[in-house]
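Observations on chain architecture
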Amino acid sequence: MNRTKQMQIRIEPELKTKAEAVLSQLGLKPAEYVRMALSQLVLHRGLPFDACIPNSDTVAALDEPAHNLRQFGSTREVFADLKERSETG
């Protein structure tokens, strides 16, 4: 018989409720999901997805207000703009 250990976590009530609703739709119990997530953590020897700190260019792009974004009527206009930027910058 496999022996198990108990793990306790504390999370916000709203997060718990929302997570349980999603897991229920998937036919999973929270403990099953945690077991799966921890198995993937061990299998990948780290997080099973990219978790990184964005570089300064990404941060600047995320901080740029939407009204400063340029809009184009076609892909041809986009490529013309890119070409112009690469020639001048």
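Everything numeric here is computed off the predicted structure, so don't read it as measured data.

Observations regarding the overall build of the chain
- Per the secondary structure count, the chain includes four helices and zero strands.
- If you list the helices and strands of the chain from N to C, you get α-α-α-α.
- What you see for the chain is a C-alpha radius of gyration of 23 Å, clearly larger than the 12 Å of a compact globule of 89 residues, by over 25%.
- Seen along its three principal axes, the alpha-carbon backbone of the chain occupies a region of about 70 × 30 × 25 Å.
- Of all 89 residues assigned to the chain, the portion counted as buried reaches 2%.
- With an accessible surface of roughly 9100 Å², the chain has 56% of that area assigned to carbon and sulfur atoms.
- Between the centroid of the 12 positive side chains of the chain and the centroid of its 12 negative side chains there is a distance of 15 Å.

So, the pattern of salt bridges
- The full count for this structure, using the stated rule, is four salt bridges.
- Between D81 and R70 there is a salt bridge, with its nearest N and O atoms 2.8 Å apart. With D81 in helix α4 (residues 75-88) and R70 in the loop between α3 (56-63) and α4, the pair connects residues that are eleven residues apart, well separated along the chain.
- With relative accessibility at 7%, the residue D81 sits in the buried group.
- If you follow the salt bridges from partner to partner, you end up with R70, D81 and R85 in one network.

Considerations on helix α2 (residues 30-44)
- The terminal C-alpha atoms of α2, which comprises 15 residues, lie 21 Å apart, in line with the 21 Å expected from a rise of 1.5 Å per residue.
- Just past α2, the residue R45 takes up positive phi, approximately 55°.

Calculation notes
- Residues numbered from 1 in each chain as written.
- Predicted model: local features only at pLDDT ≥ 70, side-chain atom pairs only at ≥ 80, totals over all residues.
- Heavy atoms only, no water.
- Helix = DSSP H or I, 4+ residues; strand = E, 2+ residues; numbered from the N terminus.
- Rg over C-alpha atoms; globule rule 2.2 N^0.38 Å.
- Buried < 20%, exposed > 50% of the residue type's maximum accessible area, 1.4 Å probe, protein only.
- Areas by Shrake-Rupley, 256 points an atom, 1.4 Å probe, with all protein chains shown as cover.
- Lys, Arg positive; Asp, Glu negative; His and termini not counted.
- Charge placed at Lys NZ, Arg CZ, Asp CG, Glu CD.
- Salt bridge = Lys/Arg side-chain N within 4 Å of Asp/Glu carboxyl O.
- Expected span 1.5 Å × (residues − 1).

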